[in-house]
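A closer look at the structure
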Amino acid sequence: MSTEQPSPTDSTTTSSGERLASLRQRFEVFEGDRLGQIGLAILALFIFIGIFARPYTIEFLDFTVSTPGLAPYDPGERAVGDRLESPSAAHPLGTTDMGRDVLSQLIAGTRVTLIVGSLAAFMAVFIGTNVGLISAYFGGWVDDVLMRITDIVYGVPFLPFAIVLVAILGSSIVNIIVAIVLILWRSTARVIRAQVLSHKQRPYVESAQAIGAGHVRIMYRHILPNVLPLTFLYAAFAVAWAVIAEASLSFLGFGDPNMLSWGEMIYNVYTANAIREAWWWVFPPGICIMLFVMSVFFIGRTLEKEVNPELNHQ
Amino acid sequence: MGLRAYVVRRCLQLVVTFWAFFTLLFVLFRMMPGDPTSMFIMDGMTPEQREQRIAELGLNEPLHVQYIEYVRQLLTGDFGQSFIYNDPVTSIIAVRFMNTIVLMATALIFAYIIGITFGALMGWWRDSRFERGGIVVTLVARSSPEFWVGIVLLSVFVFWLGWFPSSGMRTTGGELGGGFVARYGSLDFLRHLFLPALTGAIAYLATPTLLMRSTMLDVLNADFIEIKKAEGLPERTVLYKHAARNSILPIVTVAAIATGTAMGGSVVIETVFNWPGMGREMVSAVNNNDYPLAMAAFFLMGSVVIIMNFVADLAYVYLDPRVEYE
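Quick caveat: nothing in here was measured; it's all calculated off a predicted structure.

Per the secondary structure count, chain B includes 14 helices and zero strands. The secondary structure elements of chain B, listed N-terminal to C-terminal, are α-α-α-α-α-α-α-α-α-α-α-α-α-α. Across the 326 residues of chain B, 48% fall into the buried class. Sequence separation of 24 or more characterises 73% of the internal contacts of chain B that already satisfy a separation of 6 or more. Accessible surface computed for chain B: about 15,600 Å², of which carbon and sulfur atoms make up 64%.

Spelled out as structure tokens, the structure:
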């Protein structure tokens, strides 16, 4: 990523020391920014929980390494006779109407959130950046066609579309991600296009053209690194929207039945008619969704300051 | 490009967008699971009845004929019969649509009044504790999905304090006759409206607040504010008459777009509070395989989004003469 802010001086060699310095520079934005730091800390915690949610067994040559999982029980395991129990030592967050451990479900649900958030955001931003870049760089009819498609996607209401698509394709995590990506790329495409339009006029692009660089090279080697910070910013927002979308879809009962997510937990409370009494079952997943999205927004805000210093955040 | 040319082009674009949306719907609902005809056929029919029904619905025609027939029906507002209610979809959806509009309009009006006021004050008292706290509160509100806000409000105000009824639109249940005021003006209705509307207001608060704050900061940097202050006008006058008024422009555009987005949010809010609106109807229609009803609801929501985006673009060029029409 050392090419992100290219200047005439740092073009050729990047030693490991320089690379480390640039990495440190990357995190400097977060210095003195309390909200950004809180966001990073919360996100790191969720990633840790998501990775170590279930026990691992790694076999390598003669060694077998097992790590204990963070979840005390199997999320689907029923503790007989412990139905809808309030929190206790055995079940720190109580049990569901089926006698399942809420804390274990919560920990397992972290993984679904991480998968949906990262995959959907990556794909949406990947498509959006390419559409924006190609649209702005070539202009003319290419621009017209791509931007009209973007306009049309802007006319599609997000949740209803996702509901219908998931109903058609079936409730699985892959289909949910597809539904989210098909809508989510639109904002990145518009923003990147505007940014590339302004870069296209700059001298460095003209000089690259003058020495005979091809279109692909100019687009991806010269222009793209300059719009990457904006791409990262929109990736952060995309993670937030993707997680909210998945939670909302699951809450409405269209979640993947094989992968319990936080939104689905709340859907289960609803269908079990337990929302009035089982606060220990409904609040933890809601708070987790909120904290996760919040951490991403906080990080996004910090990135925004770097991308757009004149926003005057201070 | 002049203003008139821009408007003409934008109108053409509206037609194209609508056409694409029509077509998307057609494709989506022809892709519904199972045999392509089974979704329009009810169980327990004899083969003859089946044949007759298929012919009635025109499902034995070639696809392009079906498509033309479908567009004609949409344009005339004929969405067919609901499988579950056995009534014309149009009459079912009309009532639901009105309920949704009343709910979401109330929510958005709350959101924009509160958001504009707070955003303006946050910009005015820059660098204060109020501003920093306000930003955190706004970001927390933006991070909460609508259903989560609804559940929290429900738990606190209904289950714990018992101040409001938990669900539905009125205590008596069922649809009342009478005019608009009788329907939506009663105290009982307002008590049912309050929590779902507040949920929407909290969910849509962030955008106007943050936008108002940042445009306010821009305007406050402009010279004319300094001049007004130098003229010795009281702070309040400068804030309300000059700074806030000049910051409100971008909000108008965003408000129009937000109205479109709120249609999606209505699906969730109506489900939480059992509000008999279009969003909840759509969810249950999809679950019950009542495709004509689901399609009509989807079509109406999409139409609102498309039209509001159109209004936003036009409002933008009319309100700000500096805008260049690209």
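All right, on to the interface of chain A and chain B then. Across the boundary between the two partners, chain A contributes 43 residues, which contact 47 residues of chain B. Between chain A and chain B, a total of about 4,000 Å² is buried, with carbon and sulfur atoms accounting for 76% of that surface. Seen at the junction of chain A and chain B, the total is zero salt bridges. At the level of elements, α4 (140-154), α5 (158-169), α8 (215-251), α9 (262-271) and α10 (279-307) of chain A are the ones that each hand at least two residues to the side of chain A that touches chain B. When residues of the side of chain A that touches chain B are assigned to their parent elements, the largest contribution, 11 residues, is made by α10 of chain A. A class-by-class count of the residues in the side of chain A that touches chain B yields 32 nonpolar, six polar and five charged.

Another point: a nonpolar patch on the surface. Residues and elements named next belong to chain B. There is a patch of nonpolar side chains on the surface, built from I109, F110, I113, I114, F118, W125 and F130 and spanning about 650 Å² of accessible area. A total of five residues in the nonpolar patch trace back to one element, the largest contributor, which is helix α4 (residues 89-124). Relative to the assigned elements, I109 resides in helix α4.

The subject of this paragraph is the UniProt feature "transmembrane region" (unreviewed entry) in chain B. Residues and elements named next belong to chain B. UniProt records the feature "transmembrane region" (unreviewed entry) at residues 12-32, 101-125, 146-164, 193-211, 248-273 and 293-319, using the numbering of this structure. Annotated as residues 193-211, this span is 95% helix and 0% strand, and its ends, taken at the C-alpha atoms, are 27 Å apart. Helix makes up 96% of residues 248-273 and strand 0%, and the two end C-alpha atoms of the span are 33 Å apart.

Quick look at the domain arrangement of chain B now. Residue and element names in this part refer to chain B. For chain B, the assigned domains are domain 1 (3-76) and domain 2 (89-319). Tallying the contact residues gives 19 residues for domain 1 and 16 residues for domain 2. With both chains or domains summed, domain 1 and domain 2 bury close to 1,700 Å², and 87% of this area falls on carbon and sulfur atoms. If you sort the residues of domain 1 by the area they bury against domain 2, R10, F21 and F29 come out on top, with a joint share of 30%. Along the contact surface separating domain 1 from domain 2 lie one residue pair in polar contact (both at pLDDT 80 or more). Counting only elements with at least two residues in the side of domain 1 that touches domain 2, the list comes to α1 (3-30) and α3 (63-75). Here the residues of the side of domain 1 that touches domain 2 are counted per class, giving 17 nonpolar, one polar and one charged.

What follows deals with the confidence of the model for chain B. Residues and elements named next belong to chain B. Counting all residues, the mean pLDDT for chain B is 78, and 83% of those residues have values of 70 or more. Mean pLDDT across the secondary structure elements of chain B bottoms out at helix α7 (residues 180-184), with 62, and peaks at α4, with 87. Reported confidences for the modelled complex are a pTM of 0.82 and an ipTM of 0.81.

What counts as what
Residues numbered from 1 in each chain as written. Chains lettered and ligands numbered in written order. Predicted model: local features only at pLDDT ≥ 70, side-chain atom pairs only at ≥ 80, totals over all residues. Heavy atoms only, no water. Helix = DSSP H or I, 4+ residues; strand = E, 2+ residues; numbered from the N terminus. Buried < 20%, exposed > 50% of the residue type's maximum accessible area, 1.4 Å probe, protein only. Contact = heavy atoms within 4.5 Å. Areas by Shrake-Rupley, 256 points an atom, 1.4 Å probe, with all protein chains shown as cover. Buried area = accessible area lost by both parts, 1.4 Å probe. Salt bridge = Lys/Arg side-chain N within 4 Å of Asp/Glu carboxyl O. Nonpolar A, V, L, I, M, F, W, Y, C, P; charged D, E, K, R; others polar. Patch = residues over 30% accessible without salt bridge, like charges linked within 9 Å, V, L, I, M, F, W, Y side chains within 5 Å. UniProt positions renumbered as here; feature names shortened; annotations may be inferred. Domains from an automatic or database assignment. Polar contact = N/O pair within 3.5 Å; in protein donor to acceptor, adjacent residues only side chain to side chain. pLDDT = per-residue confidence, 0-100.

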